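# Descriptive analysis of the structure
The lines below spell out each chain.
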Amino acid sequence: MAPSAASGVSSLPSGFAVFTTPDLLFIFEFVFGGLVWILVSSSHVPIPLIQGWVMFASVFCFVATTVLAFLYVIGAHGNRTSWITLDAAYHCVASLFYFGASVLEALAAIQLQDGFLYKYYHENISAVVFSYVATLLYVVHAVFSLIRWKSS
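Residues numbered from 1 in each chain as written. Predicted model: local features only at pLDDT ≥ 70, side-chain atom pairs only at ≥ 80, totals over all residues. Heavy atoms only, no water.

## Considering the nonpolar core
Judged by nonpolar contacts, the single largest core of 19 residues is most densely connected at Cys61, Leu68, Tyr90, Tyr98 and Tyr138. Of all elements in the fold, only helix H1 (25-42), helix H2 (48-73), helix H3 (81-111) and helix H4 (118-150) reach the threshold of two or more residues within this core. Sequence-distant contacts of Leu68, that is, excluding residues within four places in its chain, are made with Phe26, Trp83, Leu86, Asp87, Tyr90 and His91. (Core = buried A, V, L, I, M, F, W, Y, C linked by side-chain atoms within 4.5 Å. Buried < 20%, exposed > 50% of the residue type's maximum accessible area, 1.4 Å probe, protein only. Helix = DSSP H or I, 4+ residues; strand = E, 2+ residues; numbered from the N terminus. Contact = heavy atoms within 4.5 Å.)

## So, the side chain of His141
The residue His141 is located in helix H4 in this model. For His141, a relative accessible area of 0% translates into the label buried. Side-chain polar atoms of His141 contact the side chain of Glu29, separated by 2.9 Å. Excluding residues within four positions of it along the chain, His141 makes contact with Pro22, Asp23, Leu25, Phe26, Glu29, Asp87 and His91. (Polar contact = N/O pair within 3.5 Å; in protein donor to acceptor, adjacent residues only side chain to side chain.)

## A few points about the packing of aromatic side chains
This model, assessed by the stated rule, comprises 12 aromatic pairs. Their ring planes at 45° and their centres at 5.7 Å tell us that Phe32 and Phe130 sit as a pair that is tilted. With Phe32 in helix H1 and Phe130 in helix H4, this residue pair connects regions lying 98 residues apart in the sequence. (Phe/Tyr/Trp six-rings, centres within 6.5 Å; stacked < 30°, edge-to-face > 60°.)

## Description of the environment of Val128
In this fold, Val128 is placed in helix H4. Distance in space between the C-alpha atoms of Val128 and Val40 is 9.2 Å, their sequence separation being 88 residues. With sequence-adjacent residues up to four places away left out, Val128 is seen in contact with Glu105, Ala106 and Ala109.

## Quick look at the side chain of Asp87
Tracing the chain through its elements places Asp87 in helix H3. Since its relative accessible area comes to 0%, Asp87 is described here as buried. For Asp87, the residues in contact, after removing those within four places along its chain, are Phe26, Leu68, Tyr72, His141, Ser145 and Arg148.

## Regarding H2
Under the 1.5 Å per step criterion, the end-to-end length of H2 is 37 Å for 26 residues, consistent within 8% with the ideal 38 Å. Three or more residues of H2 are buried, namely Ile50, Gln51, Val54, Ala57, Ser58, Cys61, Phe62, Ala64, Thr65, Leu68, Ala69 and Tyr72. On the buried face of H2, the contacting elements are H1, H3 and H4. (Expected span 1.5 Å × (residues − 1).)

## Re the packing of H2 against H3
When two helices pack together, you describe them by how their axes are tilted relative to each other and by the distance separating the axes. At their nearest, the axes of H2 and H3 sit 9 Å apart, and the two run at 155° to each other. On the basis of the axis angle, H2 is roughly antiparallel to H3. For the pair H2 and H3, the crossing hand works out as left-handed. For the contact of H2 with H3, the class distribution of residues is 21 nonpolar, five polar and two charged. (Axes fitted to C-alpha atoms, helices over the stretch in contact; angles between N-to-C directions. Parallel < 35°, antiparallel > 145°, perpendicular 65-115°, else oblique. Left-handed = near helix turned anticlockwise from the far one by under 90°. Nonpolar A, V, L, I, M, F, W, Y, C, P; charged D, E, K, R; others polar.)

## Some thoughts on the packing of H1 against H4
Relative to each other, H1 and H4 sit at 155°, their axes nearing to 8 Å. Between H1 and H4, the angle falls in the class roughly antiparallel. At the point where H1 passes H4, the crossing takes the left-handed sense. Where H1 abuts H4, its residues Leu25, Phe26, Phe28, Glu29, Phe32, Gly33, Leu35, Val36, Leu39, Val40 and Ser42 lie against Glu123, Ser126, Ala127, Phe130, Ser131, Val133, Ala134, Leu137, Tyr138, Val140, His141 and Phe144. In terms of residue class, the contact of H1 with H4 is made up of 16 nonpolar, five polar and two charged.

## Some words on the UniProt feature "transmembrane region" (unreviewed entry) in the protein
Taking the UniProt record as the reference, the feature "transmembrane region" (unreviewed entry) is found at residues 16-40, 52-76, 88-112 and 124-147. Across residues 52-76 one finds 88% helix and 0% strand; the C-alpha atoms that close the span lie 33 Å apart. Across residues 88-112, the secondary structure splits into 96% helix and 0% strand, with the terminal C-alpha atoms separated by 36 Å. (UniProt positions renumbered as here; feature names shortened; annotations may be inferred.)

Structure (structure tokens):
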């Protein structure tokens, strides 16, 4: 059942022109997630298991965010409430993935502090910063998605 415009319930975005402010977070999630992916893949890997999770989380969220935004742009959702639930669930899971990845990337960067080139250390510090920014973006988007889900 599609939410009514008279009830004040926000619907899912469809097309480029109707992206609301919370839905514009897709762009920033895409950019910062891509930066995390690039920085981690180009940096030195002191602990493959830890940075493997960081790579999994960043690549998964990058691809899933891209696909979800594309599906919204082409209007594949048909404004069904099941898509509102999917949107809320995805952003909650992505928030948890990125939070875990941020903590683990910070641990890897701390271990790079001694005995490695500063280039690798700075790449990992940059990845930590961008990972926490991506986490914040996903959390904010999850809050807006949960508000939309609750009002649907």
